[in-house]
Amino acid sequence: MCVFKYFFSFTEPSSVFNITVEDVSTTMVNISWESPDAARSTYSYRILINGSSDKISPTTSSEISELNPGTNYQFSIYSIAADNKTEGTPKNIIHCTDPASVDRFDCNLVEKKPQLSLDWSIPNGSYEGFRIEILNNQNKTLEKKNQTIVTDLDYFTTYTITIVTLSCKKTSVPREKKCRTSITDPPPLTMSPVVKVTSHNSFSVQFNSFNSSHGPITAYAVIITTSEAVITGGVVGSILVLLVIVAIVGFIFWKKRRSEATQIFVLGVAVVFVFCRSKLLKVENYESYFKKQKADSNCGFAEEYEDLRPVGANQPKFAAELSDNKGKNRYNNVLPYDISRVKLSIQNHPTDDYINANYMPGYNSKKEFIAAQGPLPNTVQDFWRMIWEKKIYTVVMLTKCVEQGRTKCEEYWPNKQSKNYGDIMVAMTSEIFLPEWTIRDFSIEQSDSPESHPVRQFHFTAWPDHGVPETTDLLISFRHLVHEFMKQKPPSSPTLVHCSAGVGRTGTFIAIDRLIQQMEMENTVDVYGTVYDLRMHRSLMDQYVFLNHCVMDIIKSKKEKKMDLIYQNTDAMAIYENFTPSSPYIGRANGYHV
């Protein structure tokens, strides 16, 4: 019997041809090829990637993933016969993956220059550089830098800017940003103003309009100076006004002394103004002063308040009075002074920077607080934008949203679910209800920023709908809670305080914080001077008698060696059991500790 053994051998497959590579994403390609052999249906294929890793494909195409963006790869393709051993000669192709786009692209104006500051994140993978394109303006190619200053632009102009990543002569998907250049001081007048006497106590000033090439002009100001002081004249006008007649309507004097008498000669007439800016007392002398002023139904305090009533009232409020901004004010008679108003970033319109809020001086710095009105439905987004842009960690709310059936403040925070306010997303992380106040914690983040920002709101709910609290201890305790939290935050971060109008209760809270620190640090107290200073920064700061009662109660509690009022609410104090109070600031400048 004969036994036959058969041996099969496979010839070497032919090399593949017509290799093509298509990009699926920055990290994935689809590669395909053809085989000339009749037996190709029995073949499998091995794909070698950059001479190291490989992949087996049963068909003439394969998807290759987990690649690096913007990177050159050599793909070598081997045909494998049906025995899964015999390989043909490889065919190679070199291909570069698409570069990745930058994740973050920021554009910021350069103050008082027609320039924009750009910076962006480093993209994933490999890259050779970046190309900046400014629509209808200029292109700029950069090597491996991730920031630049774009120059030779126009003032107060919005530009559309795109950035692409460059690699292997390929470009990424562009990232786009719209941003606006800043404004600067208007160009000087080409002709001097013409001044004409119109009567024995007035004159007119005539001048041509300013050039608006440095930004829109919304108002004109005429300032008259003498050798003694500066007199601020009436301020009028708009960009279209070509002729302005200004009557001198008010006088503002700035001196370093706390009280003074100033004599001014205007058109030959001598006018004497006497200003009292301070009534500084030693703490031990305050009780006798308080009794004297409180006599006859607070007659002395009433006289002091009448003296304070006009303080700051003649300062301009042009931004608040612009037609585009009138709807952003809760009350027509509570408008922020231009000199101290909080300015937001300008987004699409010149008036986007407006919010009814002012920087307020505290004991430690001139911008320690922001006093604001309670948000309206149409200003809630601006309110959160202010918190984000000014890096505010502490918010003090001194009103209920509704009092006696009237809306005093929009409920501007979310409850259980996070909520977007424009490009700011806000999420509540905790809420603690106490009998006299509520404490809420929020986490906020901006849509184009990877950072998050914690905010704590202290909501005082024990203020009666009308008038002032019957006792001062609750407010003093509440102030202590807020102050302890403030000390844990950067000194450059202002504390935002608001009620409904942002004047009465708000001014009282800021004044109490400032006066307590003055008593602790200097053993002096100056209620009159504090209110004077606050009213120079925001109008209608009042509740003067109640403020003096707070000071008197604080002094009495210390004098009688009782436990301080600020420690009476132990439930609330427990919130701070994990905080370590920071050391007090040292040094003074211009009457403020810095």
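Residues numbered from 1 in each chain as written. Predicted model: local features only at pLDDT ≥ 70, side-chain atom pairs only at ≥ 80, totals over all residues. Heavy atoms only, no water.

Per an unreviewed UniProt entry, the protein chain carries the name Receptor-type tyrosine-protein phosphatase eta and comes from Ophiophagus hannah. The UniProt entry for the protein chain carries this comment under Sequence similarities (unreviewed entry): "Belongs to the protein-tyrosine phosphatase family. Receptor class 3 subfamily." Looking at the Catalytic activity (unreviewed entry) heading of the UniProt record, one finds this comment for the protein chain: "O-phospho-L-tyrosyl-[protein] + H2O = L-tyrosyl-[protein] + phosphate". (UniProt positions renumbered as here; feature names shortened; annotations may be inferred.)

*Asks:* Can you help me understand the overall build of the protein chain in this one?
*Replies:* Summing up its helical and strand segments, the protein chain has 9 helices and 35 strands in all. Taking all 594 residues of the protein chain together, 46% fall into the buried category. Residue pairs at least 24 apart in sequence account for 61% of intrachain contacts in the protein chain once pairs closer than 6 positions are excluded. For the protein chain, the computed accessible surface area is about 31,100 Å², with 51% contributed by carbon and sulfur atoms. (Helix = DSSP H or I, 4+ residues; strand = E, 2+ residues; numbered from the N terminus. Buried < 20%, exposed > 50% of the residue type's maximum accessible area, 1.4 Å probe, protein only. Contact = heavy atoms within 4.5 Å. Areas by Shrake-Rupley, 256 points an atom, 1.4 Å probe, with all protein chains shown as cover.)

*Asks:* How should I be thinking about the environment of Gly 529 in this particular structure?
*Replies:* Note on placement: Gly 529 falls in helix H7 (residues 527-535). Among the residues examined, Gly 529 registers a relative accessible area of 10% and is labelled buried. Expressed as a C-alpha distance, the spacing of Gly 529 and Leu 280, which sit 249 residues apart in the sequence, is 7.4 Å. With residues near it in sequence (within four places) discarded, Gly 529 still touches Arg 277, Ser 278 and Lys 279.

*Asks:* Could you clarify how one ought to interpret the packing of aromatic side chains in this entry?
*Replies:* The geometry of an aromatic ring pair is captured by the separation of the ring centres together with the interplanar angle, meaning the angle of the planes. Within this structure, the stated rule accounts for 25 aromatic pairs. Note on Phe 460 and Trp 463: the rings are 6.2 Å apart at their centroids and 80° apart in plane angle, and the pair reads as edge-to-face. Trp 463 carries the same exposure label as Phe 460, and that label is buried. Among the aromatic side chains, those forming a connected cluster through ring pairs are Trp 437, Phe 458, Phe 460, Trp 463, Phe 478, Phe 485, Phe 509 and Phe 546. The side chain of Arg 46 reaches across the aromatic face of Tyr 78, ending 4.3 Å from its centre. Against the face of Phe 156 rests Arg 180, its NZ or CZ located 4.5 Å from the ring centre. (Phe/Tyr/Trp six-rings, centres within 6.5 Å; stacked < 30°, edge-to-face > 60°. Lys NZ or Arg CZ within 6 Å of the ring centre and 35° of its normal.)

*Asks:* Would you take a moment to explain the pattern of salt bridges for this structure?
*Replies:* Here the idea is simple: oppositely charged side chains can pair when their charged atoms come close. In total, this model carries 21 salt bridges according to the counting rule given. Ionic pairing is found between Arg 341 and Asp 353, a salt bridge with its closest N-O pair at 3.0 Å. One end of the pair, Arg 341, is in the loop between helix H3 (323-326) and strand E23 (357-360); the other, Asp 353, is in the loop between H3 and E23, and 12 residues separate them in sequence. Where Arg 456 meets Asp 441, a salt bridge forms, and the shortest distance between an N and an O atom there is 2.8 Å. Residue Arg 456 is located in strand E31 (residues 452-460), and its partner Asp 441 is located in strand E30 (residues 437-446); the two are separated by 15 residues in the primary sequence. The class for Asp 441 is buried, based on a relative accessible area of 17%. Here the salt bridges do not stand alone but share partners, grouping Asp 23, Asp 98 and Lys 170 into one network. (Salt bridge = Lys/Arg side-chain N within 4 Å of Asp/Glu carboxyl O.)

*Asks:* What is the right way to look at the nonpolar core in this model?
*Replies:* For soluble globular proteins, the rule of thumb is that nonpolar side chains tend to be buried together. Membership of the largest hydrophobic core comes to 50 residues, with the highest contact counts inside it found for Tyr 286, Phe 478, Phe 509, Val 527 and Tyr 544. The leading source of residues in this core is helix H8 (residues 544-559), at 8 residues. Ignoring sequence-local partners within four residues, the contact set of Tyr 286 consists of Leu 281, Val 525, Val 527, Asn 548, Val 551, Met 552 and Ile 555. Counting residues in each nonpolar core, the second largest holds 28 residues, with Leu 344, Ile 355, Phe 383 and Ile 424 among its members. (Core = buried A, V, L, I, M, F, W, Y, C linked by side-chain atoms within 4.5 Å.)

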